[in-house]
Amino acid sequence: MKAVYPGSFDPVTNGHTDIIERAAAVFDEVIVAVAPNVGKEPMFTVDERVGMLKDVCAPLKNVTVEAFEGLLVSYVSNRGAGVIIKGLRAISDFEFEFEMALMNRKLAPSIDTVFMMTGVEHSYLSSSIVKEVAKLGGSVGGLVPPLVEDHLQRRLREGARRNKQW
Ligand code: PNS
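Definitions and cut-offs
Residues numbered from 1 in each chain as written. Predicted model: local features only at pLDDT ≥ 70, side-chain atom pairs only at ≥ 80, totals over all residues. Heavy atoms only, no water. Near = heavy atom within 4 Å. Polar contact = N/O pair within 3.5 Å; in protein donor to acceptor, adjacent residues only side chain to side chain. Areas by Shrake-Rupley, 256 points an atom, 1.4 Å probe, with all protein chains shown as cover. 1 Å grid on protein atoms, 1.4 Å probe; cavity = no way out; pocket = protein on both sides within 12 Å on 5 of 7 lines; lining within 4 Å. Sits in = over half its atoms within 2 Å of the grid points. Helix = DSSP H or I, 4+ residues; strand = E, 2+ residues; numbered from the N terminus. Nonpolar A, V, L, I, M, F, W, Y, C, P; charged D, E, K, R; others polar. Pairing = 2+ DSSP bridges. Patch = residues over 30% accessible without salt bridge, like charges linked within 9 Å, V, L, I, M, F, W, Y side chains within 5 Å. Salt bridge = Lys/Arg side-chain N within 4 Å of Asp/Glu carboxyl O. Lys, Arg positive; Asp, Glu negative; His and termini not counted. Charge placed at Lys NZ, Arg CZ, Asp CG, Glu CD. Buried < 20%, exposed > 50% of the residue type's maximum accessible area, 1.4 Å probe, protein only.

### Some points on the site of the ligand
Looking at the ligand, the residues that line it are Pro-6, Gly-7, Ser-8, Ala-35, Phe-68, Gly-70, Leu-71, Leu-72, Lys-86, Met-100, Met-103 and Asn-104. At a separation of 2.6 Å, an oxygen atom of the ligand approaches a polar side-chain atom of Ser-8. A distance of 2.8 Å separates an oxygen atom of the ligand from a polar atom in the backbone of Leu-72. Burial of the ligand by the protein chains amounts to 68% of its free accessible area of 550 Å². One can see that the ligand is located within the largest pocket. Sorting the residues of the shell around the ligand by element identifies β1 (2-7) and α4 (91-107) as the ones contributing at least two each. In terms of residue class, the shell around the ligand is built from seven nonpolar, four polar and one charged.

### Looking at the pairing of β1
Bridge analysis of β1 against strand β2 (residues 29-34) gives six bridges, and the strand direction is parallel. Bridge pairing links Val-4 to Ile-31 in β2. As paired strands, β1 and strand β4 (residues 83-88) are joined by two bridges and run parallel to one another. Directly across from Val-4, in β4, lies its bridge partner Ile-84.

### Details of a positive patch on the surface
Judged by side-chain charge, Arg-154, Arg-157, Arg-161 and Arg-162 come together as a positively charged surface patch. Here Arg-154 lies in helix α6 (residues 146-161).

### Overview of the environment of Met-103
Mapped onto the elements, Met-103 comes out in helix α4. Sequence separation between Met-103 and Val-73 is 30 residues, and the spatial gap between their C-alpha atoms is 9.8 Å.

### So, the pattern of salt bridges
By the definition in use, this model includes ten salt bridges. Measuring nitrogen to oxygen at the nearest pair gives 4.0 Å for the salt bridge that ties Glu-29 to Lys-2. Of this pair, Glu-29 sits in strand β2 while Lys-2 sits in strand β1; the two residues are 27 residues apart in sequence, bridging distant segments of the chain. Note that Lys-86 and Glu-97 form a salt bridge whose closest N and O atoms lie 2.9 Å from each other. Within this pair, whereas Lys-86 is found in strand β4, its partner Glu-97 is found in helix α4, the two being separated by eleven residues in sequence. Take Lys-86: its relative accessible area is 12%, and that puts it in the buried class. Overall, Glu-97 belongs to the buried group, its relative accessible area being 13%. Three or more residues are tied together by salt bridges with common partners; here these are Asp-10, Arg-49 and Lys-131.

Structure representation (structure tokens):
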């Protein structure tokens, strides 16, 4: 069975990669689908986010990465997938995810949402908190893949030169 793991991934964290690995072990094929529209200005363009994810997922042969726009269920159905994967870190994630899952079911009853739990060591991780720590000069080693850490440092240096805030 083919599954889609959607998200903003701005940038991908070790919590995301944990879910991708778990999903790849359960499903025949996993498409990591990068959404362009995050609430505020993203730190990385969609192409940059897709590029980082492709590098990180390269060892997983049944995982592909692409960008998507519009309604998630339309994209999932166009890709011939039957499952949406969502990662859950804590009970606080559940209410919003539950709402989205039920809306997606209302829109496309044949597509199911499967929730996977991240490893407890990643339960406090989010892209936003990683960006905040990095911006304030803290170490994000062990929180994101090493190549993402390099991208983050580079982007923050560029931002400092252009007085840019994320
Ligand atoms: O990583 P995020 O920001 O939590 O991902 C949220 C995402 C992209 C999965 C969600 O916003 C989404 O599904 N967007 C696509 C638009 C859509 O279908 N909206 C209706 C969902 S109920």
